[in-house]
Amino acid sequence: MNPTTSTTLTTPTPLALIAELTHRCPLHCVYCSNPLELNSRTKELSTEDWKKAFGEAAQLGMLQADFTGGEPLARPDILELVEAARAAGLYVNLITSGLPLDESRLERLVAAGLDHFQLSFQGARPEIASEISGTTTHAQKLRVLGWLARHRIAVTLNFVIHRRNIHQIEEMLAIAEASCATRVEFANVQYYGWAFANRDNLLPTRRQIDSSLETLKRAQQRLRGKMRIEYVVPDYYARFPKACMGGWGRKLMLIVPSGDVLPCHAARIIRGLTFDNVKDRGLREIWENSAAFQKFRGEDWMQEPCRSCDRREVDFGGCRCQAMLLVNDAAATDPVCSLSPNRNKVDAILGELALKPAETIYEESRPAWIYRINPA
Amino acid sequence: MTPDVNSKPRLAAGCRLNDPKQQPRVLLMPEKALRLNGPSLEIVERCDGRRTVRQIITELQQIYSKAEPQKVETDILGYLSLLHDQRALDFVAQEGS
């Protein structure tokens with residue numbers, strides 16, 4: 001017998017459903033991954049539409065549902081949705097700011113079958129959290145951590161990292177260690193949506209990245225067996241692109257508040273893609289046949305250098321939306337790739353930043369942020 | 001870390017097996033799903049906070065009686081330690097049971 005051969009699933013059936021329950025949010029984070037054009041409340045799917053989608057997701061073999069937004073807790077029917085997803089057989093993750101929450105609502109969420117609570121942080125201190133979110137958030141998050149300790153539920157802290165808070169990683173770790181979290185994610189901002197609009201004020205320097213890597217490597221060793229620590233580096237600094245979404249149409253489906261089904265968060269920016277809606281077609285049919293999911297599946301769409309590259313089954317050509325944003329061609333090799341003929345565009349962006357001495361960056365005056373608005 | 005054979009492993013908060021009616025059987029956990037083969041499923045099913053590591057080893061040695069008992073023990077200890085590093089398991093100390 002050899003029990004250690006069990007592996008992370010790599011089957012071609014989708015693994016998880018990302019459910020953007022609403023675009024409404026009490027925060028206005030400058031790096032929000034939502035599109036610049038948000039769905040209004042009147043367009044949001046009904047409770048019944050979502051319940052049907054969860055059933056279809058489970059039928060399709062999906063294992064997890066990620067409730068996100070916007071702020072998923074802004075949905076008044078959130079308890080019913082958690083219950084329905086869990087009853088369908090899905091593992092239910094809630095990705096939240098923790099804002100529209102009190103102790104009794106948390107208790108009811110846990111009772112409804114919530115498996116995993118992911119609390120997002122904008123920094124280690126109230127000042128930076130307020131600057132980034134455009135509202136007051138930090139104290140409430142610490143209160144939520146206290147309530148969570150009274151429940152048997154998995155807790156992850158999500159710290160979103162960028163130039164203005166990357167020097168606070170030690171303090172962020174201290175918050176995590178003092179909490180009941182068993183997992184902590186340090187995710188550098190990815191440059192889409194609102195983050196792309198604010199990129200020049202968010203992108204960390206190479207030196208900042210190197211020093212954060214060292215800090216987190218030490219922490220991973222020290223906290224082994226206590227906490228899972230995950231770090232997402234900004235791919236502008238990587239040699240090879242990320243396997244965005246685990247490959248287009250390979251592992252994940254995303255339903256936006258209006259019910260359109262997308263292969264990824266940002267896919268709407270790609271010209272010429274059309275999306276099916278869960279109100280019109282079943283999830284299985286969309287997964288298997290939707291034009292948007294077929295568009296960049298497999299390798300037929302690839303150009304050189306991807307087409308003949310050894311890594312094409314590792315990173316699947318990287319991110320289509322990043323290619324769209326940076327070189328205006330969604331079928332191009334992800335320009336962050338060192339093999340891309342367009343890598344010079346990324347280097348030029350980093351080059352401008354490298355001219356600033358890292359030490360002075362924390363003392364930079366508050367940038368002219370473009371804050372995320374709320375949908376109508 | 002090698003687990004103490006007298007401790008009682010149980011699945012950590014937010015880690016659970018999927019429904020027995022679903023195939024394949026997987027251990028669901030934050031941002032991960034581990035597919036379980038025969039022996040790994042038999043081990044995880046026994047991480048119930050009541051059995052000690054020693055008991056789990058003995059039971060698996062009986063099920064896999066054709067395998068070398070020492071090998072079974074080493075494999076189980078290795079697997080439990082791997083699950084612990086992924087924060088899928090807690091080891092409840094013997095006392096207070």
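Residues numbered from 1 in each chain as written. Chains lettered and ligands numbered in written order. Predicted model: local features only at pLDDT ≥ 70, side-chain atom pairs only at ≥ 80, totals over all residues.

Draft legend 1. Representation of the interface of chain B and chain A within the structure. Taken together, the contact pairs 32 residues of chain B with 25 residues of chain A. Taken together, the elements giving at least two residues each to the side of chain B that touches chain A come down to strand E3 (26-29), strand E4 (32-35), helix H1 (38-46) and helix H3 (69-85) of chain B. In terms of residue count, the dominant contributor to the side of chain B that touches chain A is H3 of chain B (eight residues). (Contact = placed C-beta atoms within 7 Å. Helix = DSSP H or I, 4+ residues; strand = E, 2+ residues; numbered from the N terminus.)

Draft legend 2. Seen up close, the nonpolar core. Residue and element names in this part refer to chain A. Counting residues in hydrophobic clusters, the biggest one holds 130 residues, and the most contacted among them are Ala65 and Leu90. Ranked by residue count, the leading element in this core is strand E5 (residues 154-161), at six residues. Among residues more than four places away in sequence, those in contact with Ala65 are Ala16, Leu17, Ala19, Phe54, Ala57, Ala85, Leu90, Val92 and Asn93. (Core = buried A, V, L, I, M, F, W, Y, C linked by C-beta atoms within 7 Å. Buried ≥ 20, exposed ≤ 12 C-beta atoms within 10 Å, placed from the backbone.)

Draft legend 3. Here's a closer look at the sheet that holds strand E9 (residues 261-262) of chain A. Residue and element names in this part refer to chain A. Here we have nine strands laid out as an open sheet, ordered E7-E6-E5-E4-E3-E2-E1-E8-E9, and mixed in their pairing. Two strands bound the open sheet, and with one partner strand each, they are strand E7 (228-232) and E9. Strand direction decides the pairing type here: strand E3 (residues 91-96) and strand E4 (residues 116-121), joined by four bridges, are parallel. Bridging across to E4, Thr96 finds its partner in Leu119. Its contacts with the sheet place helix H5 (residues 138-148) against E4 and E5, and it is angled at close to 160 degrees to E4. (Pairing = 2+ DSSP bridges. Axes fitted to C-alpha atoms, helices over the stretch in contact; angles between N-to-C directions.)

Draft legend 4. Spatial organisation of H5 of chain A. Residues and elements named next belong to chain A. Among the residues making up H5, those that are buried are Lys141, Val144, Leu145 and Leu148. Relative to the axis of H5, the buried residues are bounded by an arc of 105 degrees and lie together on one face. Exposed and oriented more than 90 degrees from the buried face of H5 are Ala139 and Gly146. Buried residues belonging to H5 abut E4 and E5. (Arc of directions from axis to C-beta.)

Draft legend 5. Spatial organisation of the packing of H1 of chain B against helix H2 (residues 53-63) of chain B. Residue and element names in this part refer to chain B. Closest axis-to-axis distance for the H1/H2 pair is 10 Å, and the angle between their directions is 145 degrees. With respect to the hand of their crossing, H1 and H2 are arranged in right-handed fashion. Mapping the contact onto sequence places Pro39, Glu42, Ile43 and Arg46 in H1 and Ile56, Glu59, Leu60 and Ile63 in H2. Of the residues contributing to the contact of H1 with H2, the split by class is five nonpolar, no polar and three charged. (Left-handed = near helix turned anticlockwise from the far one by under 90°. Nonpolar A, V, L, I, M, F, W, Y, C, P; charged D, E, K, R; others polar.)

Draft legend 6. Spatial organisation of the confidence of the model for chain A. For chain A, per-residue confidence averages 93 on the pLDDT scale, and residues scoring 70 or more make up 95% of the total. Confidence over residues 4-11 of chain A falls short of pLDDT 50; this stretch has 17 contacts with residues more than four positions distant or in other chains. (pLDDT = per-residue confidence, 0-100.)

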